[in-house]
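Overview (structure and organization)
Residues per chain are reported as follows:
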Amino acid sequence: MADQSTIDPKSGFCSQTKTFHSLRPQVPLPPLSASISVADYAFSLLQSFPPPPTTAALIDAVTGRRISFEEFIRRTKTLSSSLHHRLGLRKGDTAFILSPNSVDIPILCFSLFSLGVILSTGNPISSKQEIFHQIQLSKPVIAFSTADVASKIPNLKTIVLNSPEFESLVTSSTPIGEELQGASNKVNQSDPAAILYSSGTTGRVKGVMLTHRNLTYMVAAGQAVRVERKSPAVSYCAVPFFHVYGLCYFLRALAMGETVVLMARFDMKIMLRAIEELRITHMALAPPVVVAMVKDPKLIQGYDLSSLQVVGCGGAPLRKSIIQQFRQRFPDVILGQAYGLTESTARVFGTLSLSESQVIGATGKLMPNCQAKIVDPKTGLPLPPGSPGELWIRGPSIMKGYVDDEEATAAALNTEGWLRTGDLCYIDNEGYLFFMDRIKELIKYKGYQVAPAELEHLLHSHPDIVEAAVIPYPDEESGQVPVAFVVRQNGSAIDESQIKNFIAPQVAPYKRIRRVIFIDSLPRNAGGKLLRKELVKLSLSNATSKL
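Residues numbered from 1 in each chain as written. Predicted model: local features only at pLDDT ≥ 70, side-chain atom pairs only at ≥ 80, totals over all residues. Heavy atoms only, no water.

So, on to the packing of aromatic side chains. Scanning the model with the defined rule gives eight aromatic pairs in all. Measuring from ring centre to ring centre gives 5.3 Å for Phe43 and Phe110, while their planes differ by 50°; the resulting arrangement is tilted. Taken together, the residues Phe43 in helix H1 (residues 38-48) and Phe110 in helix H3 (residues 104-115) connect sequence positions 67 residues apart. Of the residues examined, Phe43 reaches a relative accessible area of 13% and is grouped as buried. Residues Tyr426 and Phe434 carry aromatic rings whose centres are separated by 4.9 Å and whose planes lie at 5° to one another, so their mutual orientation is stacked. Overall, Tyr426 belongs to the partly exposed group, its relative accessible area being 25%. Grouped by ring-pair contacts, the aromatic residues Phe43, Phe72 and Phe110 constitute a single cluster. Taking NZ or CZ as reference, Lys206 lies 5.7 Å from the ring centre of Tyr402, over its face. Between Arg488 and the ring centre of Phe518, over which it is positioned, the NZ or CZ distance is 3.7 Å. (Phe/Tyr/Trp six-rings, centres within 6.5 Å; stacked < 30°, edge-to-face > 60°. Helix = DSSP H or I, 4+ residues; strand = E, 2+ residues; numbered from the N terminus. Buried < 20%, exposed > 50% of the residue type's maximum accessible area, 1.4 Å probe, protein only. Lys NZ or Arg CZ within 6 Å of the ring centre and 35° of its normal.)

Structural data, given as structure tokens:
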């Protein structure tokens, strides 16, 4: 434990241990051995700050379907009983969920959590092969899916959501018997709660094991930093519930009595209309949506967005130019960026106020109960504020490990509980985190390191470029050279030589872009994260012109 006198009151850096400590107030948590699931914990918070019973817990922005908090609690408890007594689900079983966002998903997740059934969520647009790999990792005994994608799930009893069968499970009450309440079925904080999927710092997709403790912390931290309000917030979740960002968002919001507005498939016009009609105050967005809101002024014309107070953005860093444009367009709205991973149960750094959101390029400060180190990737030594290195994080939100992969777990988590993120970052003298790049994505040119983010920032400053990404391309003489994928503005005729000539005078010779490939749009995952591996594959298959 660090001596408080050695901790800098501005940055949180301890000169003795070379560790950054959160300067936010500590969040009280149940004992690690406590028999309380994340669902029980969330409901206990809800009872402490109950919204009016008719307040909508969930609203589908497309269909208009509403579930009140009263109905949400009733349906969750009935479904828990039905899953146990009628389907035989027990603590330690796994249920696979393959579905876009719907009002049924939070009800299902809360029910599974309360039983101690591990939930595992997949992306409905995944291929059969990808889903098969995820099912091999999580070993579910049952699946829940929408009718249109249920056929992707191999050889597993599947309940179709929004079907008569599912509706009977959430409405036909079965009394909870002693068996369900017995000691063998008590859910402990240390028990596994969810298996989510991540590529980690290397290799193929892995199953990330998150515990009830991990998720309880995310709910507790959200409660601890909430701002007192006269009426409950109305939160719009435009990120998928199968992603750790979306899962934690609805868990926190519902525990705090906030209305969660959702839609199955994203539609900008429906979202803007929902903000106006439902007086949405808070939003969880992926970066491409924020970019669209500021890049095209005509898009938001005619909509009353005056209710907006906080726009949260995670999944990938926002460019400085986008942040500046957002502040000009929405001067009174907090743009809350955050840094987190699936392995850290989402947010470990975040911006929580208007003043914190004003620090351009930062992704906020350490969340309560968390610690961080910046480690020199070559020497393994911890570094002081202002020095770039690999970010290591530790705290109650860090995963238990990767499912059935001791080697990958050992590579990511050390014996002291530190998670190596694989991200090149620095923390400044005020305790703000600045993300620079993935360490493995640094381009090695003749021994020099080239950060794609630096070149991307310069490319984005050109008025004819909408989006750009820079990736390493193998070169026999140099090792690797920078290649840029560029999305042009509509009507622009900018060519490769003009882009190269624009970048060249602004960088050292070894950082110059050697090739430009034009593309209609950059590939991203559901959370908005750029899929660089796809671009690397595309560049290799497109290797016809000389670099």
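After that view, the rundown keeps rolling.
Sheet strands pair by backbone hydrogen bonding; their relative direction is either parallel or antiparallel. An order of S8-S7-S5-S6-S9-S10-S20 is seen for the seven strands of this open sheet, with the pairing classed as mixed. The open sheet has two free edges, formed respectively by strand S8 (158-160) and strand S20 (401-402), since each of these has just one partner strand. With two bridges connecting them, strand S6 (residues 118-122) and strand S9 (residues 192-198) associate as parallel partners. Within the sheet, the bridge partner assigned to Ser120 lies in S9 and is Ile195. (Pairing = 2+ DSSP bridges.)

This part covers unusual backbone geometry. In this structure, Asn155 takes a positive phi of about 45° despite not being glycine. If you trace the backbone, Asn155 turns up in the loop between strand S7 (142-145) and S8. What makes Asn155 exposed here is its relative accessible area of 82%.

Attention shifts here to the environment of Ser172. Within the secondary structure layout, Ser172 lies in the loop between helix H5 (164-171) and helix H6 (178-181). Looking at Ser172, the relative accessible area reads 33%, which means it is partly exposed. Here the alpha-carbon distance between Ser172 and Leu79, two residues 93 residues apart in the chain, equals 8.4 Å. Excluding residues that lie within four positions of it along the chain, Ser172 makes contacts with Thr78, Ser82 and Arg86. (Contact = heavy atoms within 4.5 Å.)

The end-to-end C-alpha distance of helix H2 (residues 69-85) is 24 Å, a good match for the 24 Å that 17 residues give at a rise of 1.5 Å each. Of all 17 residues that make up H2, twelve are buried, and the element is covered over most of its length. (Expected span 1.5 Å × (residues − 1).)

A few words on the pattern of salt bridges. Applying the stated criterion across every chain yields a total of 14 salt bridges. As a salt-bridge pair, Asp104 and Arg65 come within 3.6 Å of each other at their nearest N and O atoms. Taken together, the residues Asp104 in helix H3 and Arg65 in the loop between strand S3 (56-60) and strand S4 (66-68) connect sequence positions 39 residues apart. Residue Arg65 is classed as partly exposed on the basis of its relative accessible area, which comes to 26%. One salt bridge in this structure joins Lys511 and Glu454, with 2.9 Å as the shortest N-O distance. (Salt bridge = Lys/Arg side-chain N within 4 Å of Asp/Glu carboxyl O.)

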